[in-house]
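# Observations on the model geometry
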Amino acid sequence: MHYDEAKFAEYFSDAPADLDIAQLDMARIPRHISCIMDGNGRWATARGLARTEGHKAGIVSLREVITAAVRLGVDVLSAYAFSTENWNRPQHEVNVLMHLFAKTFIDELPLLKRENVRVMFLGDISALPERTRKVFEYGLEACRDHTGMTLALAVNYGGRAEIARAARSIARLVQKGDLDVDAIDESCVANQLYTAGLPDPELVVRTSGEMRVSNYLLWQIAYSEFYITDTYWPDFDRWELVRAILAYQGRDRRFGGLSKTN
Ligand code: FPP
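In this text, all values refer to a predicted model and were calculated from it rather than measured experimentally.

## Details of the UniProt feature "binding site: Mg(2+)" (unreviewed entry) in the protein
In this numbering, the UniProt entry assigns the feature "binding site: Mg(2+)" (unreviewed entry) to Asp38 and Glu225. Mapped onto the secondary structure, aspartate 38 falls in the loop between β1 (32–36) and α2 (40–46). Setting aside residues up to four positions removed in sequence, aspartate 38 forms contacts with Arg206, Thr207, Ser208, Glu210, Tyr232 and Trp233. Looking at aspartate 38, its side chain comes within polar contact range of the side chain of serine 208, at 3.3 Å. Here glutamate 225 shows up in strand β6 (residues 225–228). With near-sequence residues (within four places) excluded, glutamate 225 lies in contact with Glu202, Leu203, Val204, Tyr248, Arg251 and Arg253.

Have a look at this one:
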């Protein structure tokens, strides 16, 4: 994705003293960055606040990361907002999250419009409470003509459920006689996932120090680089994103082959 040098320089002026922005190789910015936004609850608890206050603070971080990703020229930013397992949280927290998702999408429409951000959902949004679903549908329609960075929000998403859903779609194609069993290859499976048409994430960022994948993009992260930081999501900002990209740019990606230096 094209990046605007002047807007980039302005947005990333004032870097912390220990961060040298000039180290960023703008020719090797990951096309797709994915965030597992973790630690909202612990951030709030550590401050004596209700967990839901952590989710509100997490939205401020997401807003900053969206803008930062646009400024960096990222093609796709995806973020894990609600898993198929998150329904097991206390009903009050689920209700607050569903309300916040709807409110956030409406509140951020001007930002999404200004920055020309395409929006899509990964996951089964048909199963969300009616109001949240309707707001999502309204927001998707409002962003329909946008052609810039893609923001893919994983809501009611589970990696295993996604693969099972793809298997059902493929089975139906075979059943109808539209697909030969021997033609089922990796790209055929990829085309039936929520992420069809998107590049796989080169970089997955997980906040709050957890070393887990948590049923996230199981197929798509086969060769992703992971960056795990102890920072809780509400404290994750543009500078943390730059640190993650710098770490990624320092990695030797081999895709099962040999290093270029071998
Ligand atoms: C994980 O923290 C975070 C979430 C479950 C929700 C994150 C969602 C947002 C920041 C807003 C997304 C906005 C839209 C429009 C979809 P946690 O509760 O698991 O924290 P903990 O591990 O400390 O308990």
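## A look at the side chain of threonine 67
Inspection of the secondary structure assignment puts threonine 67 in helix α3 (residues 51–72). There is a polar contact of 3.1 Å between the side chain of threonine 67 and the backbone oxygen of arginine 63. Contact partners of threonine 67, with chain neighbours within four places excluded, come to Tyr11, Leu111 and Glu115.

## Regarding the environment of valine 205
Inspection of the secondary structure assignment puts valine 205 in strand β5 (residues 203–206). In the structure, valine 205 is positioned 172 residues away from isoleucine 33 in sequence and 7.5 Å away in space, judged by C-alpha atoms. Non-local contacts of valine 205, meaning those with residues more than four positions away in its chain, are made with Ile33, Ser34, Cys35, Ile36, Tyr227, Phe236 and Ala244.

## Some points on the sheet that holds β5
Reading across from one edge, β3-β4-β2-β1-β5-β6 is the order of the 6 strands in this open sheet, with parallel pairing throughout. The sheet terminates laterally at β3 (118–122) and β6, the two strands that pair on one side only. Between one strand and the next, the sheet's axes are offset by a mean angle of 20°, whatever the strand orientation. With 7 bridges joining them, strand β2 (residues 76–83) and strand β4 (residues 150–157) adopt parallel strand pairing. Residue pairing in the sheet places tyrosine 80 in a bridge with alanine 154 of β4.

## Re the pairing of β2
Of all 8 residues in β2, 7 are buried; the element is thus mostly enclosed. Of the strand pairs in this sheet, β1 and β2 are connected by 5 bridges, and their pairing is parallel. Along β2, the bridge assignment pairs isoleucine 36 with tyrosine 80.

Criteria and thresholds
- Residues numbered from 1 in each chain as written.
- Predicted model: local features only at pLDDT ≥ 70, side-chain atom pairs only at ≥ 80, totals over all residues.
- Heavy atoms only, no water.
- UniProt positions renumbered as here; feature names shortened; annotations may be inferred.
- Helix = DSSP H or I, 4+ residues; strand = E, 2+ residues; numbered from the N terminus.
- Contact = heavy atoms within 4.5 Å.
- Polar contact = N/O pair within 3.5 Å; in protein donor to acceptor, adjacent residues only side chain to side chain.
- Pairing = 2+ DSSP bridges.
- Axes fitted to C-alpha atoms, helices over the stretch in contact; angles between N-to-C directions.
- Buried < 20%, exposed > 50% of the residue type's maximum accessible area, 1.4 Å probe, protein only.

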